[in-house]
Structure formats: structure tokens, C-alpha cells
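# Architecture and fold: a report
What follows is each chain in one-letter form.
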Amino acid sequence: MTYISTACPTAPRRPTLLADLITRFAVARQRRALVALDDSALQDIGLTRRDATTEGKRRFWDAPDSWRC
């Protein structure tokens, strides 16, 4: 019989506090950059000024799990 003593490499790892903070501040930086885009750049990515402003007003901790590393 074989025993596995290590954790599953495909299991999601819980981020450290530092990694989580870095990710959250990156989200805030990206949202500020989105708001700073001009209307033609927003049109290129399929967003309106209202969409960008709404996203930019969200708090840095309000990010989907899929955005996290």
C-alpha cells in the first residue's frame, strides 16, 4: 500500500497575507488606470465612460476570486 505524504500539487493554495495585499493593491491600481483612459481607448475595449467610472469606484477588496493569484 502506498501513502502520499505531500499535499496535492493541483489543490488551490491559500495566499499569504502579503500576497493577498499585493494583489488587492494591484486591483486598485488597475481600476485607477481604467478610469484614466480616454473615451476612444474605452471604446476599443468595449466599455463606456459610465462602466469605467462604476468599476473605478469599487473598493480594492471587492474583486472576484478569479482575479486573485
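That block above? That's the structure.
Scoring rules and cut-offs
- Residues numbered from 1 in each chain as written.
- Predicted model: local features only at pLDDT ≥ 70, side-chain atom pairs only at ≥ 80, totals over all residues.
- Heavy atoms only, no water.
- Helix = DSSP H or I, 4+ residues; strand = E, 2+ residues; numbered from the N terminus.
- Polar contact = N/O pair within 3.5 Å; in protein donor to acceptor, adjacent residues only side chain to side chain.
- Salt bridge = Lys/Arg side-chain N within 4 Å of Asp/Glu carboxyl O.
- Buried < 20%, exposed > 50% of the residue type's maximum accessible area, 1.4 Å probe, protein only.
- Expected span 1.5 Å × (residues − 1).

### Side note on the side chain of E55
Relative to the assigned elements, E55 resides in helix 3 (residues 49-56). Among the polar contacts made by the side chain of E55, one reaches the side chain of R31 at a distance of 2.8 Å. In this structure the side chain of E55 is engaged in a polar contact, spanning 3.1 Å, whose partner is the side chain of R58.

### Some words on the pattern of salt bridges
Per the stated rule, a full pass over the model turns up 5 salt bridges. Here D20 and R24 are joined by a salt bridge, their closest N and O atoms 3.0 Å apart. With a gap of 4 residues between them, D20 and R24 both fall in helix 1 (residues 17-36), about one helical turn apart. With respect to class, D20 is no different from R24; both count as buried. A salt bridge links R58 to D62, with the nearest nitrogen and oxygen atoms 3.1 Å apart. By relative accessible area, D62 is classed as partly exposed at 34%. Several salt bridges converge on common partners, so that one network encompasses R31, E55, R58 and D62.

### Observations concerning the environment of D20
Relative accessible area serves as the criterion here: at 18%, D20 is assigned to the buried category. The sequence separation of D20 and W61 amounts to 41 residues, and the corresponding C-alpha distance is 9.7 Å. Side-chain polar atoms of D20 contact the side chain of R24, separated by 3.0 Å.

### Here's the deal with helix 1
With 20 residues, helix 1 should reach 28 Å at 1.5 Å per residue; the first-to-last C-alpha distance of 29 Å fits that figure. Of the residues making up helix 1, those classed as buried are D20, T23, R24, A26, V27, A28, R31 and L34.

### Let's talk about the environment of R32
With respect to the helices and strands, the residue R32 is situated in helix 1. For the pair R32 and G56, spaced 24 residues apart in sequence, the C-alpha to C-alpha distance is 6.0 Å.

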